[in-house]
Amino acid sequence: MNDQGIIELYFARDELAIRETEAKYGRLCHSIAYNILHNSEDSSECVNDTYIGLWNAIPPARPSNFKAFVCKIARNLSLKRLEAGMRQKRSWGTPLSFDELEEILPDEIVTDHVGDEDIGKLISDFLRREKEDSRNVFVRRYYFFDSVRDIALRYLFTESKVKNMLYHTRARLKKYLIKEGIEL
Amino acid sequence: MKIPRIVNALGYIDDDLILGATGARLSNRNTWLKWGSLAAGVLLVLVIALTLSPMLLSGDGPQPPFDGEIVMEKYYDYAIIEGAFSSYMGANVIPADRVGNKLQDVAVTAGWKNREGDWISTEELSAEIYEIKGIGTAEAAALRFVEKGEAVTTTHYYVILPPNAEYNGTIFPDYKAENPVRYLEESDMGKCNGWQDFGLTGEIRTITVPVGSTYVYQMYSYYIRNDLSTIYSAESLPDAIEDLPEWLSDTVTVGRRSFWYSMGGRLPQTVTLKSTAVVSTENGTGTFLKAEYAVRIADGANEREEDWVIYFMEEDGTYSVFAVMANENFTFVKSYSESIVKSYQKKP
């Protein structure tokens, strides 16, 4: 079923919408959650929460891009669960790439009046200026939290090339954000 | 510990950037081979498939046209002569249990038309119109012939639709019920690593390695039809499997597109058979007939062409089909689907 059809099912409050979403994007959701949580049980719960989130969001929302919408919900819910787990000092299987990102923009230097959405917009603008390969590798690493190895397999690069691309993209992004006045 | 703000901020990047990264960019074969030692699992399957299949090494160029290009000389059609349903057109066959009360008797002109849609020969037949349960007659109805025509039965109910009707999935059977799935294994990634029933007595391994293969799964959609006659209950399938690929590319004969409809609920405008080949399984227990198609779909104003690879198998006169649509890199998906069918084995 195409995405439009699935959205129509949500609007019709037809529970088939969830089954169709699961069939089409369940594995994608699970991979996003698993990359963040590294725990099968937590990931499955996050995926289920994603479906509930979609059910509650559509309607009134009518996402122009359903796949990206699903990804965003799965990512946000997984990060929330991760944060809750971190507060409870739960240990997680594999550390995420947070340190690499914090190098770009440490929390303490971001002005309070700049919202996350504003920063996201600037990152989008920056990524559009990047070469397609660099852009996609960056998004895979820091949006989907793929391992360097998985990115290398996906794009058929060596791992060292992926690391090198990420290093230079991070450096350029940092420079760009400073230029755009995102820090104090 | 908190999630850094930049991590949350990245959640707001634009949709097209996210989607751009959900596709796979595959480099040339040399890169594959250079990476052969590292690319385990799914990627290894690809390398093996590429190595074993010279045909697949020919690159992304178009396939040579199939010699027996389809030329539809004539097709059977029918039209209700007068009354409220006279503008309705014939469509698929619908199961009898979906049919409700009889509405009226009608006279029908049936017969053969040429490629331009002009009648070549006609016969006048009596028929009955029925309602379809849960569907208003403004959307669709069912027709059963009382007199047998040359190419229609008196035992089946044919859906009739008003002009420009949207084909509605609710009036078709749920083909998912005819696609049994048998997973033997589960991994941390879920039910992604197992065997599926294929054919009368066999099975194929659909996902070879779960780890790191999520993107592979996203690259294609596949459908298994273990008995084509369940879809074509009103028609006689070709006697020879060699005739099936061309038979399924007919988009003109009423109801012939049911197979395509069963795979995603879309009706193609044209189905072009590009090539056929015989593929033997690795253990020699089965033989598939492979057909590649270009399928043109008009989904509203959104017209597109899809690439399909379809593998046919015959066992005791029953046709089974493994159909794969490539969402992304066609060459990769072709090699991957080939590795799937080559895994075919008799069920233990």
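Below: a short report on this structure. (Residues numbered from 1 in each chain as written. Chains lettered and ligands numbered in written order. Predicted model: local features only at pLDDT ≥ 70, side-chain atom pairs only at ≥ 80, totals over all residues. Heavy atoms only, no water.)

1. Points about the overall build of chain B
Argument step 1. Check the secondary structure of chain B and you find eight helices and 14 strands.
Argument step 2. Within the span of chain B, comprising 348 residues, buried residues form 53% of the whole.
Argument step 3. On chain B, roughly 15,400 Å² of surface is accessible, and the fraction owed to carbon and sulfur atoms is 49%. (Helix = DSSP H or I, 4+ residues; strand = E, 2+ residues; numbered from the N terminus. Buried < 20%, exposed > 50% of the residue type's maximum accessible area, 1.4 Å probe, protein only. Areas by Shrake-Rupley, 256 points an atom, 1.4 Å probe, with all protein chains shown as cover.)

2. Remarks on the overall build of chain A
Argument step 1. In terms of helices and strands, chain A carries nine helices and zero strands.
Argument step 2. Along chain A, helices (α) and strands (β) appear in the sequence α-α-α-α-α-α-α-α-α when read from the amino end.
Argument step 3. When contacts within chain A are restricted to residue pairs at least 6 apart in sequence, those whose partners lie at least 24 apart make up 63%.
Argument step 4. Approximately 8,700 Å² of chain A is accessible, and the part contributed by carbon and sulfur atoms is 49%. (Contact = heavy atoms within 4.5 Å.)

3. Overview of the environment of Glu130(A)
Residues and elements named next belong to chain A.
Argument step 1. Within the secondary structure layout, Glu-130 lies in the loop between helix H6 (116–129) and helix H7 (132–142).
Argument step 2. A residue is classified by how much of its surface remains accessible, and Glu-130, at 10% relative accessible area, is buried.
Argument step 3. Placed 39 residues apart in sequence, Glu-130 and Thr-169 show a C-alpha to C-alpha distance of 8.1 Å.
Argument step 4. The contact partners of Glu-130, leaving out residues within four places of it in the chain, are Arg-135, Thr-169 and Arg-172.
Argument step 5. Here Arg-172 takes part through its side chain, which lies 2.7 Å from a polar atom of the side chain of Glu-130. (Polar contact = N/O pair within 3.5 Å; in protein donor to acceptor, adjacent residues only side chain to side chain.)

4. A word on the nonpolar core
Argument step 1. Core analysis: the largest hydrophobic core is formed by 66 residues, its most contacted members being Phe66(A) and Ile123(A).
Argument step 2. Looking at which element gives the most residues to this core, the answer is helix H4 (residues 66–87) of chain A, with nine residues.
Argument step 3. Residues from two domains meet in this core; each of domain 1 (3–87) and domain 2 (98–179) of chain A gives at least three.
Argument step 4. Sequence-distant contacts of Ile123(A), that is, excluding residues within four places in its chain, are made with Phe138(A), Leu173(A), Ile6(B), Leu10(B) and Ile13(B). (Core = buried A, V, L, I, M, F, W, Y, C linked by side-chain atoms within 4.5 Å. Domains from an automatic or database assignment.)

5. Notes on the packing of aromatic side chains
Argument step 1. Applying the stated criterion across every chain, the model contains 22 aromatic pairs over all chains.
Argument step 2. Note on Tyr78(B) and Phe145(B): the rings are 5.2 Å apart at their centroids and 90 degrees apart in plane angle, and the pair reads as edge-to-face. Of the two residues, Tyr78(B) sits in strand S1 (residues 74–80) while Phe145(B) sits in strand S5 (residues 141–145), which places them 67 residues apart along the sequence. By the burial criterion, Tyr78(B) is buried, and Phe145(B) matches it.
Argument step 3. Ring centres of Phe85(B) and Tyr88(B) lie 5.0 Å apart, and the angle between their planes is 75 degrees; on these two criteria the pair is classed as edge-to-face. Tyr88(B) carries the same exposure label as Phe85(B), and that label is buried.
Argument step 4. Feature note: the residues Phe198(B), Phe288(B), Tyr311(B), Phe322(B) and Tyr344(B) constitute an aromatic cluster, connected by ring pairs.
Argument step 5. Sitting over the ring of Phe11(A), Arg62(A) keeps its end group 4.0 Å from the ring centre. (Phe/Tyr/Trp six-rings, centres within 6.5 Å; stacked < 30°, edge-to-face > 60°. Lys NZ or Arg CZ within 6 Å of the ring centre and 35° of its normal.)

6. Quick word on H7(A)
Argument step 1. Across the 11 residues of H7(A), nine count as buried, placing the element largely inside the fold.
Argument step 2. Listing the buried residues of H7(A) in full gives Ser134(A), Arg135(A), Asn136(A), Val137(A), Phe138(A), Val139(A), Arg140(A), Arg141(A) and Tyr142(A).

7. Digging into helix H3 (residues 40–57) of chain A
It helps to recall that an α-helix has 3.6 residues per turn; residues three or four apart then point in one direction.
All names here are of chain A.
Argument step 1. Relative to the 26 Å expected for 18 residues at 1.5 Å per residue, H3 spans 25 Å between its end C-alpha atoms, a close match to the ideal helical length.
Argument step 2. Regarding H3, the residues found buried are Asp-42, Ser-43, Cys-46, Val-47, Thr-50, Tyr-51, Leu-54 and Trp-55.
Argument step 3. The elements touched by buried residues of H3 are helix H1 (3–11), helix H2 (16–37) and H4.
Argument step 4. Two to three positions downstream of the cap, the backbone nitrogen of Glu-41 sits 2.9 Å from a side-chain oxygen, assigning the N-cap of H3 to Asn-39. (Expected span 1.5 Å × (residues − 1).)

8. Here's the deal with a negative patch on the surface
All names here are of chain B.
Argument step 1. A contiguous patch of negative charge, built from Asp-239, Glu-242, Asp-243, Glu-246, Glu-314 and Asp-316, is present on the exposed surface.
Argument step 2. Within the element layout of this structure, Asp-243 appears in the loop between strand S9 (220–225) and helix H6 (244–247).
Argument step 3. Since its relative accessible area comes to 43%, Asp-243 is described here as partly exposed. (Patch = residues over 30% accessible without salt bridge, like charges linked within 9 Å, V, L, I, M, F, W, Y side chains within 5 Å. Salt bridge = Lys/Arg side-chain N within 4 Å of Asp/Glu carboxyl O. Lys, Arg positive; Asp, Glu negative; His and termini not counted. Charge placed at Lys NZ, Arg CZ, Asp CG, Glu CD.)

9. Here's the deal with the packing of H7(A) against helix H9 (residues 159–179) of chain A
All names here are of chain A.
Argument step 1. Axis separation between H7 and H9 bottoms out at 9 Å; the angle between their running directions is 95 degrees. The angle between the axes of H7 and H9 places the two elements in the roughly perpendicular class. Side by side, H7 and H9 meet where Asp-133, Ser-134, Val-137, Phe-138, Arg-141 and Tyr-142 of the first sit next to Val-162, Met-165, Leu-166, Thr-169, Arg-170, Arg-172 and Leu-173 of the second.
Argument step 2. Classifying every residue of the contact of H7 with H9 gives seven nonpolar, two polar and four charged. (Axes fitted to C-alpha atoms, helices over the stretch in contact; angles between N-to-C directions. Parallel < 35°, antiparallel > 145°, perpendicular 65-115°, else oblique. Nonpolar A, V, L, I, M, F, W, Y, C, P; charged D, E, K, R; others polar.)

10. What to know about empty space enclosed by the protein
Residues and elements named next belong to chain B.
Argument step 1. Tallying each qualifying case throughout the model produces one cavity of 30 Å³ or more.
Argument step 2. Looking at the largest cavity, its volume works out to about 40 Å³.
Argument step 3. Every residue lining the largest cavity is listed: Trp-260, Met-263, Arg-266, Pro-268, Ile-297, Glu-306 and Trp-308. (1 Å grid on protein atoms, 1.4 Å probe; cavity = no way out; pocket = protein on both sides within 12 Å on 5 of 7 lines; lining within 4 Å. Points joined across faces, edges and corners; volume = space filled by probe spheres on them.)

11. Details of unusual backbone geometry
Residue and element names in this part refer to chain A.
Argument step 1. Here the amide bond leading from Ile-58 into Pro-59 is cis, since omega sits at -15 degrees, within 30 degrees of zero.
Argument step 2. With respect to the helices, strands and loops of the structure, Pro-59 is situated in the loop between H3 and H4.
Argument step 3. At His-38, a residue that is not glycine, the phi angle is positive and equals roughly 55 degrees.
Argument step 4. Turning to its location among the elements, His-38 is positioned in the loop between H2 and H3.

12. Considerations on the pattern of salt bridges
Argument step 1. Inspection of every chain in the model, using the stated rule, returns 24 salt bridges over all chains.
Argument step 2. Of the charged contacts in the structure, one is a salt bridge between Glu8(A) and Arg62(A), with a shortest N-O distance of 2.8 Å. A residue pair is termed long-range when its members are at least 10 positions apart, and Glu8(A) in helix H1 and Arg62(A) in the loop between H3 and H4 qualify at 54 residues.
Argument step 3. Overall, the relative accessible area of 44% leaves Arg62(A) in the partly exposed class.
Argument step 4. Between Lys102(B) and Glu128(B) there is a salt bridge, and its shortest N-O distance comes to 3.4 Å.

13. What to know about the packing of H6(A) against H7(A)
Residue and element names in this part refer to chain A.
Argument step 1. Following both chains from N to C, one finds H6 and H7 inclined at 140 degrees, their axes separated by 8 Å at the closest point. Classed by the angle they form, the pair H6 and H7 counts as oblique. Across from Ile-123, Leu-127 and Arg-128 in H6, the residues of H7 making contact are Arg-135, Phe-138 and Val-139.
Argument step 2. Its residues assigned to classes, the contact of H6 with H7 shows four nonpolar, no polar and two charged.

14. Focus: the state of the cysteines
Residue and element names in this part refer to chain A.
Argument step 1. A complete count under the given rule lists zero disulfides over all chains for this structure.
Argument step 2. Free cysteine: Cys-29, not disulfide-bonded; nearest cysteine sulfur from Cys-71 at 6.8 Å.
Argument step 3. Here Cys-46 is not cross-linked by a disulfide; its sulfur's nearest cysteine counterpart is in Cys-29, at 9.9 Å.
Argument step 4. Looking at Cys-46, the relative accessible area reads 1%, which means it is buried. (Disulfide = S-S within 2.5 Å.)

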